[in-house]
Amino acid sequence: MSAVDAAPVPAAGPRSLEWDEISKHNKRDDLWMVIHGKVYDTTRFLDEHPGGEEVMIEVGGQDASEAFEEIGHSDDARDLLKGFYVGDLSAKAKLGKAATKVATSVSTSVSSGAEAAKTKAKSSGFPFFPLVPLIAIVAFAVYKLLENN
Ligand code: HEM
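Calculation notes
- Residues numbered from 1 in each chain as written.
- Predicted model: local features only at pLDDT ≥ 70, side-chain atom pairs only at ≥ 80, totals over all residues.
- UniProt positions renumbered as here; feature names shortened; annotations may be inferred.
- Pairing = 2+ DSSP bridges.
- Helix = DSSP H or I, 4+ residues; strand = E, 2+ residues; numbered from the N terminus.
- Near = placed C-beta within 6 Å.
- Nonpolar A, V, L, I, M, F, W, Y, C, P; charged D, E, K, R; others polar.
- Core = buried A, V, L, I, M, F, W, Y, C linked by C-beta atoms within 7 Å.
- Buried ≥ 20, exposed ≤ 12 C-beta atoms within 10 Å, placed from the backbone.
- Contact = placed C-beta atoms within 7 Å.

The chain carries the name Cytochrome b5 isoform E in an unreviewed UniProt entry, which gives Geranomyces variabilis as its organism. Word for word, the UniProt comment on the chain under Sequence similarities (unreviewed entry) is "Belongs to the cytochrome b5 family."

## Points about the pairing of strand E4 (residues 38–41)
On a regular strand, one side chain projects to one face of the sheet and the next to the other, so that they alternate. Across four bridges, strand E3 (residues 30–35) lies against E4 in antiparallel orientation. Following the sheet pairing, Met33 is matched in E4 by Tyr40. Counted along the chain from E3 to the antiparallel partner E4, the turn is two residues long, and its residue His36 has a positive phi close to 50°. Pairing between E4 and strand E5 (residues 85–89): three bridges, direction antiparallel. Residue pairing in the sheet places Val39 in a bridge with Gly87 of E5.

## Notes on the site of the ligand
In the vicinity of the ligand, 20 residues are found, and the nearest of them are Pro50, Gly51, Ala67, Ser74 and Ala77. Elements supplying a minimum of two residues to the shell around the ligand: helix H3 (53–58), helix H4 (65–71) and helix H5 (75–82). Element by element, the count of residues in the shell around the ligand is highest for H5, at four residues. Residues belonging to the shell around the ligand are distributed by class as follows: 14 nonpolar, five polar and one charged.

## Section: the nonpolar core
Trp32, Met33, Val34, Ile35, Val39, Tyr40 and Ala64 are the most contacted members of the largest nonpolar core, which totals 14 residues. Looking at this core, the elements with two or more residues in it are E3 and E4. Considering each element in turn, this core owes the most residues, five residues, to E3. When sequence neighbours within four positions are dropped, the list of residues in contact with Val34 reads Ile22, Val39, Gln62, Asp63, Ala64 and Leu89.

Written out as structure tokens, the structure is:
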């Protein structure tokens, strides 16, 4: 066996693609889209798409997962996707999207929490806070009374 034969053949894994590459393919004659982290070249399907060309071009070079799911595409439509597969969205690009989602939801919940606290503070006109020592005094008095009986 020669050294050449023994050399390991690198496994040709799926292509890992970045958004700057994917987003270039956004034209009628060169149309890619990302659906659930996978990149599809849908150029040749464009004039066969039962939903028309325009909706496809609108999401060209972008993440079309939501648009694809909103329509409620059939299993046949999902099977067709396999024929257009060109690679995967890179881990970095996937992470970037996840990080944006987390950041957005955290900032939304933080600001809505702060907003809710403000609204609560404004809407409760009754001043409970100064009553706290008074309640403590009454509780102490009741305790002493019971103690003496
Ligand atoms: C490569 C990606 C896509 C494939 C393979 C695909 C395939 C299909 C197929 C086979 C149908 C017929 C109905 C069905 O079997 O579900 C269909 C209908 C449709 N698709 Fe897509 N589609 C793709 C992407 C999209 C995108 C990204 C959108 C929207 C932005 C879209 C919007 C529609 C609409 C509006 C219909 C018509 C539904 C109706 O009239 O009942 N499609 N598509």
